Amino acid sequence: MKTTNGKTTTNLEVKNLEVVNSIEQLPQEKTPRKTANKQNKAVSVSLDLDAGSSRAKFLINDWCGNYPSIFKEVSGELPSGISGCFSIGNKNYAVGRVTNSLNGTVVEAFKDNKIKYLHIWLIGALCNHPDLLTDIANERKYKGKPARIKLSLRLLSLSSSKKNDIPKILAGTKFFTYEGCEYEIEITNISDDKYLLPEGYGAALEAIKLIPNGCYEFHILDLGGGTLTFSSYLVGKKPKSIEQTAGSGNGMKAIIERLSIALARTDRGGIQYKKENLESALRNSKAIGNGMHSVRYRHGIETLEIGDTVNHALSEWVAEMPIVENLLTKVSQALLNGSPVFATGGGMAVSVIADWIKQYCCIDIDAPQYTILSNPQDINLTGLQLLNSDKI
């Protein structure tokens, strides 16, 4: 600054002044890094499920199992290390035999209601596999995050008319807890109509391999825990169902009920016959020749032979249940017409019952094409694996 003749002037010296020509040269604020939403890798699992009124049967990957169709809402904490116990939200549940050991409220037991509580039977199947959930939990990378399951589901059901209810029921249960680990379920094929199959379809897939050349129709007789079902199929690349008639409430449970009544007519010193023990005795029956079977029932230190009474009970089962007589007559007529009939279901795994039904249906028919399928108690599920192969 200078003063000359009373005037003041100002000289500005600009040194090393840099002009910013681009916004890119301005200092940039760092964008905060978003926290990654880490998830465990989903494990693919296939499940074929037949939640019958007597037992819930399932095939997980290649492992076949079952448990009694009963579940409780458990009061108090769940025990550790026991199959069939799980939590949904803040409620604890138990399915199958473990319900005998736990206090709580029985919500459903041995009823033909597989769709309404499908989510319970489904999770119950996963929890009754000896290794599946434990292996998935141990192999997850992020221990604090839910283990994830991508589930491919196939469901055997007579209630195809209720298939629209199934996605709604399953959508409400995406998470459950088992042995302290939370699991997230994603059903990958719920929008695919192919996930719902008619009961006995696995047996039909197995039977079609045994059909003689020139045969265009065959039949399946399925004796399950709660239902006796007669189905007819057309022979094609895959069997096509054309008729399915069910006698609901007339399966093995009805036979055991008739047996219990028949045994009670004989005075044996006040013996009470428990249904689960009668079922065990039937499943352990043995042929002893001349169409006779030994069926041994244990009571305390005494063993009772009840084989003859079983025959009486089966006769009453047919005589007093019109739908049973009707379905077995359908079998006899099909055999008389020369059509093959294949027997399946848990009841056909009981020799005394399977042989009695065969004799009843085949009487006075020359060379009847009546076949009891191998492993009839499981084939309705294990036979579905043929859908995954090129064998049909």
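Structure's up top.
What comes next concerns the included structure. Note that the coordinates shown come from a computational prediction; the quantities given were computed from them, not determined experimentally. (Residues numbered from 1 in each chain as written. Predicted model: local features only at pLDDT ≥ 70, side-chain atom pairs only at ≥ 80, totals over all residues. Heavy atoms only, no water.)

Some words on unusual backbone geometry
So, step 1. For A367, which is not a glycine, the phi torsion comes out positive at approximately 45 degrees.
So, step 2. By the secondary structure assignment, A367 is in the loop between α9 (351-362) and β22 (370-372).
So, step 3. When its relative accessible area of 70% is taken as the criterion, A367 is described as exposed.
So, step 4. With a phi angle near 50 degrees, N375 is a residue other than glycine that sits in the positive phi range.
So, step 5. Looking at the element boundaries, N375 is found in the loop between β22 and α10 (379-382). (Helix = DSSP H or I, 4+ residues; strand = E, 2+ residues; numbered from the N terminus. Buried < 20%, exposed > 50% of the residue type's maximum accessible area, 1.4 Å probe, protein only.)

Let's talk about helix α7 (residues 307-320)
So, step 1. For α7, with 14 residues, the first-to-last C-alpha span of 20 Å sits near the 20 Å given by 1.5 Å per residue.
So, step 2. Residues of α7 that are buried include every one of G307, T309, V310, A313, L314, E316, W317 and V318, and no others. (Expected span 1.5 Å × (residues − 1).)

Quick notes on the environment of S241
So, step 1. Relative to the assigned elements, S241 resides in strand β16 (residues 240-248).
So, step 2. Overall, S241 belongs to the partly exposed group, its relative accessible area being 31%.
So, step 3. Residues S241 and F218, 23 residues apart in the sequence, show an inter-C-alpha distance of 9.8 Å.
So, step 4. The residues touching S241, leaving out its near neighbours within four places in the chain, are S232 and Y233. (Contact = heavy atoms within 4.5 Å.)

Observations regarding the layout of surface pockets
So, step 1. For the largest pocket, the calculated volume is near 1100 Å³.
So, step 2. Lining the largest pocket are 44 residues, with S54, R55, P68, F110 and E279 positioned closest to its centre.
So, step 3. For the lining of the largest pocket, the elements supplying multiple residues, two or more each, are β4 (55-60), β5 (63-68), β15 (227-234), α5 (252-264) and α6 (275-283).
So, step 4. Examining the composition of the lining of the largest pocket, we find that five residues originate from one element, α6, more than from any other.
So, step 5. Class assignment of the residues belonging to the lining of the largest pocket gives a composition of 10 nonpolar, 19 polar and 15 charged. (1 Å grid on protein atoms, 1.4 Å probe; cavity = no way out; pocket = protein on both sides within 12 Å on 5 of 7 lines; lining within 4 Å. Points joined across faces, edges and corners; volume = space filled by probe spheres on them. Nonpolar A, V, L, I, M, F, W, Y, C, P; charged D, E, K, R; others polar.)

Observations concerning the pattern of salt bridges
So, step 1. For the coordinates displayed, the defined rule picks out seven salt bridges.
So, step 2. A salt bridge links E243 to K330; the shortest N-O distance between them is 3.1 Å. One end of the pair, E243, is in strand β16; the other, K330, is in helix α8 (residues 322-336), with 87 residues separating them in the sequence.
So, step 3. Residue R258 pairs with E320 through a salt bridge whose shortest N-O separation is 3.0 Å. Of this pair, R258 sits in helix α5 while E320 sits in helix α7, and the two are 62 residues apart along the sequence.
So, step 4. Accessibility expressed as a relative area gives 43% for E320, which makes it partly exposed.
So, step 5. Ionic contacts of the salt-bridge type, sharing partners, join the residues R258, R265, E316 and E320 into one network. (Salt bridge = Lys/Arg side-chain N within 4 Å of Asp/Glu carboxyl O.)

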